[in-house]
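Geometric and topological summary
One-letter residues, chain by chain:
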Amino acid sequence: KKQGAMEIKTFTVADLGLALLSEDFWLTKTLPITKQRALSICHNPRAEKDDPALLVAYQDNQVVGYLGILPDKLFFNNADHKVGWLTGWWVDPCLATKGVGAILLYKALNAYRDRVGVSGGSKEARNVLHASQKFVTLEPLKGLDIRFRFNATSAILRKFPWMKLFRVGFKIADVMLDEIVNLRSFFWERRTHIRQRLTFEYISSIDAETGRFIERHRQHDLTRKGKADLDWIMTYPWIVSAPQKESASRRYYFSSISARFFYLGVKVFEQNNGMVGFLMLSVRNDRMRVVYSHFENRHAPSIAAAAVYQALAMDVSTLSLYDERLVKSVAGLRCPFWSTQSVSRGFFLSKAFAGSPLADCRLHGGDGDFAFY
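Here we summarise the structure given alongside this text. (Residues numbered from 1 in each chain as written. Predicted model: local features only at pLDDT ≥ 70, side-chain atom pairs only at ≥ 80, totals over all residues. Heavy atoms only, no water.)

Each aromatic ring pair is summarised here by two numbers: the centre-to-centre distance and the angle between the ring planes. A full pass over the atoms with the stated rule returns 15 aromatic pairs. Between Phe-25 and Trp-26 the ring centres are 4.8 Å apart and the planes differ by 75 degrees, which places this aromatic pair in the edge-to-face class. Aromatic side chains Trp-90 and Tyr-253 sit 4.5 Å apart centroid to centroid with 5 degrees between the ring planes, which places their arrangement in the stacked category. You can see Trp-90 sitting in strand 4 (residues 79-91) and its partner Tyr-253 sitting in the loop between helix 10 (247-250) and strand 10 (257-258), a full 163 residues away along the chain. Using a relative accessible area of 47% as the deciding quantity, one classes Tyr-253 as partly exposed. In this structure an aromatic cluster arises from ring pairing among Tyr-66, Trp-90, Tyr-252, Tyr-253 and Phe-254. Against the face of Tyr-58 rests Lys-9, its NZ or CZ located 5.2 Å from the ring centre. Cation over ring: Arg-345 sits above Phe-370, and NZ or CZ is 3.9 Å from the ring centre. (Phe/Tyr/Trp six-rings, centres within 6.5 Å; stacked < 30°, edge-to-face > 60°. Helix = DSSP H or I, 4+ residues; strand = E, 2+ residues; numbered from the N terminus. Buried < 20%, exposed > 50% of the residue type's maximum accessible area, 1.4 Å probe, protein only. Lys NZ or Arg CZ within 6 Å of the ring centre and 35° of its normal.)

Written out as structure tokens, the structure reads:
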């Protein structure tokens, strides 16, 4: 059977709002976006109604490729500059050699007048970016994964599924190892007097005090996220906390469901200094990430201790830090971890930004679309 011609449709933020009201859009065998993500894009405080937000390639009325675009702003030279972060880039494997991915990329570049960015991305996506010769690489964020709990059961069964027979033995080992962690955590808290030195306030949206604090500490941030932006991320996540996948999430090729997923804002106070830091955390299953962090350099050891304390209190296996000041401070904490591993987050911007003074601009672990995963 002869295949029909390919058609690429552009959906603006306003179009996604209409799609949410339409039944037909959600009936395709492959979904180009989830309702949760579309709702989030519609509430993005940095998006205009006519900003392109999704490109979809159709063949014979079936979705064969798509590329999401997250409208944002970059701040340098005393001005803000519109940018679209590419997100959720997928092509039907049957058409992988037909250049559909590259066509979607060039459409996105055109839609944003060559002002687009990419955070992370698969190896295949990075290869297409490199081949296009349209992008420059920013200095990657050097981070650290700190592993507190061993979680032998999931680690071993992921690698060797046939060892399910011994699951009970692994679970017993996990319980014993966790008790060692709990004991080490108890002595670490006693040794560092963390509860006497620091106090915390938890928030689910940015209050006035935190808004002012962020305002004072974000001057050098490339994306300068403020109260409205962080409230939006926390209120309209892309991932839903649910016990299992449902039909829509099986038709979408990127993360949309996790057993545990939430955001938490943590205000950090020192006894005699008042508020010294703010952490925006995301917890996904057994991993906690510091998505945004604001503090003065001299308070880095206290804020690093606060992040470790929260991770231990929330019983996660791994804490991911992407602020180099926090990474440097962890070594001096002598906290109870099993192992640490250096990690990095890569960012790419199209060459339209190549001459811009970006070297002095600070990136956060949640910039691009990283905050949503």
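Read on for the rest.
In this section: helix 3 (residues 100-111). With 12 residues, helix 3 should reach 16 Å at 1.5 Å per residue; the first-to-last C-alpha distance of 16 Å fits that figure. Every buried residue belonging to helix 3 is among Val-100, Gly-101, Leu-104, Leu-105, Ala-108 and Leu-109, and all of these are buried. A positive backbone phi angle near 50 degrees is found at Arg-113, which sits one or two residues after helix 3. (Expected span 1.5 Å × (residues − 1).)

This next bit is on the pairing of strand 3 (residues 62-76). For strand 3, the tally of buried residues reaches 13 of 15 residues, placing the bulk of the element in the interior. Note: strand 2 (residues 52-59) against strand 3, six bridges, orientation antiparallel. Counted as the bridge partner of Gln-59 is Gln-62 from strand 3. As paired elements, strand 3 and strand 4 share 12 bridges and run antiparallel to each other. By the bridge assignment, Phe-75 is partnered in strand 4 with Asp-80. Hairpin remark: strand 3 followed by strand 4, antiparallel, with two residues in the connecting loop; positive phi at Asn-77, about 55 degrees. (Pairing = 2+ DSSP bridges.)

So, on to the packing of helix 1 (residues 13-21) against helix 2 (residues 35-42). Where helix 1 meets helix 2, the axes come as close as 9 Å, and the angle between the chain directions of the two elements is 135 degrees. Here helix 1 is positioned oblique relative to helix 2, judged by the angle of their axes. The hand of the helix 1/helix 2 crossing is left-handed. In this structure, helix 1 uses Val-13, Leu-16, Gly-17 and Leu-20 to contact helix 2, whose residues at the interface are Lys-35, Ala-38, Leu-39, Ile-41 and Cys-42. (Axes fitted to C-alpha atoms, helices over the stretch in contact; angles between N-to-C directions. Parallel < 35°, antiparallel > 145°, perpendicular 65-115°, else oblique. Left-handed = near helix turned anticlockwise from the far one by under 90°. Contact = heavy atoms within 4.5 Å.)

A few words on the nonpolar core. Among the nonpolar cores identified, the biggest contains 57 residues, and Ile-233 and Phe-278 are the most heavily contacted of them. Top element by residues in this core is strand 3. It accounts for five residues. With 34 residues, the next largest nonpolar core counts Met-288, Ala-305, Val-308 and Ala-311 among its residues. (Core = buried A, V, L, I, M, F, W, Y, C linked by side-chain atoms within 4.5 Å.)

Glancing now at unusual backbone geometry. Even without a glycine there, the phi angle at Asn-61 is positive, about 65 degrees. Among the secondary structure elements, Asn-61 is positioned in the loop between strand 2 and strand 3. On the accessibility criterion, Asn-61 (67% relative accessible area) is exposed. Backbone geometry places Gln-133, a non-glycine residue, at a positive phi of 55 degrees. For Gln-133, the location among the structural elements is in the loop between helix 4 (123-132) and strand 6 (135-137). Residue Gln-133 is classed as exposed on the basis of its relative accessible area, which comes to 61%.

Ordered in space as 1-2-3-4-5-16-6, the seven strands form an open sheet in which the pairing is mixed. Among the strands making up the open sheet, the edge pair consists of strand 1 (7-12) and strand 6. Sheet twist, expressed as the mean angle between neighbouring strand axes with direction ignored, is 25 degrees. Of the strand pairs in this sheet, strand 5 (residues 116-119) and strand 16 (residues 347-350) are connected by three bridges, and their pairing is antiparallel. Its bridge partner lying in strand 16, Gly-117 is registered against Leu-349. On top of the sheet, helix 3 reaches strand 1, strand 2, strand 3, strand 4, strand 5, strand 6 and strand 16; it is set at about 160 degrees to strand 4, its chief contact.

Pairing in this open sheet of seven strands is mixed, and the strands run 8-11-12-13-14-7-15 from one edge to the other. Taken across any chain shown, the strands that pair with only one partner, and hence form the sheet edges, are strand 8 (198-203) and strand 15 (339-345). The mean inter-strand angle of the sheet, taken between neighbouring strand axes irrespective of direction, is 25 degrees. Bridge count for strand 12 (residues 274-284) against strand 13 (residues 287-295) is eight bridges, and the pairing is antiparallel. Within strand 13, the residue paired with Gly-277 across the bridge is Phe-295. Set on the sheet, helix 9 (residues 227-235) makes contact with strand 11 (261-270), strand 12 and strand 13; between it and strand 12 the angle comes to about 30 degrees.

The next subject is helix 11 (residues 300-313). Look at helix 11: 20 Å from first C-alpha to last across 14 residues, which is about the 20 Å you get at 1.5 Å a residue. Within helix 11, 12 of the 14 residues are buried, leaving the element largely enclosed by the surrounding structure. Of all the residues in helix 11, the buried ones are Ala-300, Ser-302, Ile-303, Ala-304, Ala-305, Ala-306, Ala-307, Val-308, Tyr-309, Gln-310, Ala-311 and Leu-312. One or two residues past the end of helix 11 sits Asp-315, with phi positive at roughly 65 degrees.

Interpretation note: all reported values are geometric properties and have no functional meaning in isolation.
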